[in-house]
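Residues per chain are reported as follows:
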Amino acid sequence: MARVVRVFQTLRNHWKKSTFAVCVLSYGGYWFYGKHCDSVLRREACLVAREFGRQQIAPQERLRKATVILNPSACNGKANNLFEKNAAPILHLAGVDFKIVKTDYEGQAKKLMELIEHTDMLIVAGGDGTLQEVVTGLLRRADQETVSNIPIGFIPLGSQNSLSPSLHLISDNKVKDIISATLSVLKGETVALDVLQIKGEKDQPVFALMGLRWGVFRDVAATISKYWYLGPLKRYAAHWFSTLREWPLIRDVSVAYTAPTLRPPDLPPQKPPRPNLLYRIARRLRNYWRPPVKEPPRVEEPEEWKEQQLSTFELFIQTRNKNPVERHRNDSLMICAEAENFTVSDFISVGDKKVEDPTIFTGNSTKLEASACRLQLPEGAGGFYNIDNEEYEAMPVEIRLLPRKLRFFISAERREQLLADAEGSSRNTNGE
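Predicted model, so just to flag it, every value in this text is computed and none were measured. Starting from 1, residues in each chain are numbered consecutively following that chain's sequence as written. In keeping with the model being predicted, local features are shown solely for residues with a pLDDT of at least 70 and side-chain atom pairs are shown and tallied solely at 80 or more, while totals for entire chains, interfaces and linings include all residues. Only hydrogens and water are set aside; all other atoms, that is, all heavy atoms of the structure, feed into the side-chain values.

A.B. asks: Even after reading the chapter, I still don't get helix H6 (residues 128–139), so can you show me in this structure?
C.D. replies: The periodicity of an α-helix, 3.6 residues per turn, causes residues three or four positions apart to be oriented the same way. Labels follow the DSSP assignment, with helices taken as runs of H or I lasting at least four residues and strands as runs of E lasting at least two, numbered in each case from the N terminus. Each helix should span, by expectation, one fewer than its residue count multiplied by 1.5 Å. Between its first and last C-alpha, H6 extends 17 Å over 12 residues, near the 16 Å set by a 1.5 Å rise per residue. Of all 12 residues in H6, 12 are buried; the element is thus mostly enclosed. To sort residues, take the accessible area from a 1.4 Å probe on protein chains only and compare it with the maximum for the residue type: under 20% means buried, over 50% means exposed, and anything in between is partly exposed. Turning to H6, its buried residues are Asp128, Gly129, Thr130, Leu131, Gln132, Glu133, Val134, Val135, Thr136, Gly137, Leu138 and Leu139.

Set out below in structure tokens:
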């Protein structure tokens with residue numbers, strides 16, 4: 001008992017050192033517990049991958065080949081270590097014959113796509129910038145109709161991974177997100193995603209999976225990091241300081257757009273069985289004696305463009321890839337223009353929400369559906385676009401939708417979640 005009393009007396013007499021020791025031990029315990037949880041996640045994922053590797057293949061079959069485009073500089077230079085520790089062992093145990101191609105500088109992934117050989121799948125290990133470069137390089141090829149059928153896996157290793165919530169279950173654990181994305185590649189379930197083709201007057205087209213963003217909220221979001229010393233208040237400070245320099249921050253833009261096209265019915269997943277021999281012979285004889293009447297070639301009607309002048313805080317041309325499994329009547333992109341009647345307090349609160357999710361728009365915003373659109377900026381407007389979170393100089397552009405152009409691997413759990421969300425939103429719409 002006396003020893004216990006002496007211990008408490010020592011802690012009380014040296015309370016500063018005791019407090020520091022408790023903080024260090026608590027942080028160390030929390031850190032070791034996190035490492036232990038990550039190790040458990042890796043072990044469980046490897047057990048799942050080993051079952052894929054034990055599956056027997058026929059003598060005429062071969063191992064699946066994959067090409068991994070890895071950006072080592074993603075996630076502040078930690079991407080290579082994250083991939084080697086969390087994704088590579090899973091692919092090895094599953095029996096995937098993969099080749100890693102590392103990028104050395106910005107824009108190299110576009111050039112690598114021109115040289116890609118035959119592969120069964122593409123795996124992009126990086127962030128938004130790496131993914132956009134791969135998609136752009138892939139769709140700039142002369143044989144893009146063929147290579148666009150290659151399924152693509154996305155392993156989120158970047159600081160910004162906008163597409164990841166549409167494909168995988170997202171958590172606060174980076175290791176868990178990487179493992180979930182890698183396992184979705186092994187399971188082989190895919191979903192078709194729309195692509196935006198963005199073309200300026202002179203440059204080659206750029207392709208985007210999420211959209212093009214232009215306006216004041218985008219500009220302010222790019223300056224938030226300058227106010228790092230304000231901690232959790234840096235978002236509010238960035239928006240407030242922008243209103244002190246200029247108010248109102250409304251931008252004028254001319255938007256020309258065409259009507260959306262009706263979505264064709266989905267093709268059956270499997271080809272129908274081939275008719276028997278007697279039926280095929282009878283059909284050929286019938287076509288020989290009574291040839292079918294050829295329909296005249298269809299004359300395509302010229303596109304009808306509508307023009308609208310918009311005054312807005314922000315313009316966002318986006319795809320519907322936020323929920324890729326939701327069924328829509330039309331194939332269309334969405335033109336969203338934020339309202340122009342904000343007060344300063346509204347501007348700050350809405351801007352803070354848009355930092356988390358740029359696709360959020362208020363109820364008074366303008367929303368248009370289109371299959372293509374043209375942006376004409378006023379003289380001297382300048383500024384920059386965000387195309388899938390990559391910065392491009394603002395200029396007049398034409399944006400065209402390529403419906404269901406690429407196939408991406410998606411986890412079955414996330415697909416079920418998105419289907420449930422789509423059903424819930426449709427019920428709310430019908431109820432209203």
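A.B. asks: Mind showing me how you'd approach the pairing of strand S4 (residues 152–156) here?
C.D. replies: Each regular strand shows side chains that alternate between the opposite faces of the sheet. In terms of burial, S4 is a largely internal element, five of the five residues being buried. Judged by which residues are buried, S4 turns out to be covered on both faces: Ile152, Phe154 and Pro156 on one side and Gly153 and Ile155 on the other are all buried. Following DSSP output, two strands are said to pair if at least two bridges run between them. By the bridge criterion, five bridges tie strand S3 (residues 121–126) to S4 in an arrangement that is parallel. Counted as the bridge partner of Ala125 is Ile155 from S4.

A.B. asks: What is the right way to look at the packing of aromatic side chains in this model?
C.D. replies: Think of a pair of aromatic rings as described by two things: how far the centres are apart, and how the planes are tilted against each other in angle. The pairing test for Phe, Tyr and Trp rings, Trp by its six-membered ring, is centres within 6.5 Å, and the orientation test on the planes gives stacked under 30 degrees, edge-to-face over 60, and tilted for anything in between. If you walk through the whole model with that rule in mind, you get 13 aromatic pairs. On the numbers, 6.4 Å between centres and 65 degrees between planes, the contact of Phe217 with Phe342 is edge-to-face. Pair noted here: Phe217 is in helix H10 (residues 216–221) and Phe342 is in the loop between strand S13 (333–337) and helix H13 (344–356), with a separation of 125 residues, a long-range link. For the pair Phe217 and Phe342, one class covers both residues: buried. Taking 5.4 Å as the distance between ring centres and 45 degrees as the angle between the ring planes, the aromatic pair formed by Tyr227 and Phe241 counts as tilted. With Tyr227 in the loop between H10 and helix H11 (234–245) and Phe241 in helix H11, this pair connects stretches of sequence that are 14 residues apart.

A.B. asks: I'm lost on the pattern of salt bridges in this one. Help?
C.D. replies: Two side chains bearing opposite charge may form a pair once their charged atoms approach each other closely. Every case where a carboxyl oxygen of Asp or Glu lies within 4 Å of a side-chain nitrogen of Lys or Arg is listed as a salt bridge. Following the criterion strictly, the structure yields 17 salt bridges and no others. The shortest N-O distance in the salt bridge between Lys405 and Glu145 comes to 3.3 Å. With a gap of 260 residues between them, Lys405 in strand S18 (residues 397–409) and Glu145 in helix H7 (residues 144–147) connect regions that are remote in the sequence. Among the residues examined, Lys405 registers a relative accessible area of 16% and is labelled buried. Across the pair Lys354 and Glu314 runs a salt bridge whose closest N-O atoms are separated by 3.5 Å. On the criterion of sequence distance, the pair formed by Lys354 in helix H13 and Glu314 in strand S11 (residues 314–318) is long-range, its members being 40 residues apart. This pair shows no difference in class: Lys354 is buried, exactly as Glu314 is. Counted as one network, the salt bridges with shared partners bring together Arg213, Glu314, Glu338 and Lys354.

A.B. asks: So what exactly am I meant to see when it comes to H11 here?
C.D. replies: Between its terminal C-alpha atoms H11 stretches 17 Å, which fits the 16 Å expected from 12 residues at 1.5 Å a residue. Residues of H11 that are buried: Ala237, Ala238, His239, Ser242 and Thr243. Only heavy atoms matter for contacts: two residues are in contact if any of them lie within 4.5 Å across the pair. At its buried positions, H11 is contacted by H10 and H13.

None of this, on its own, says anything about what the molecule does.
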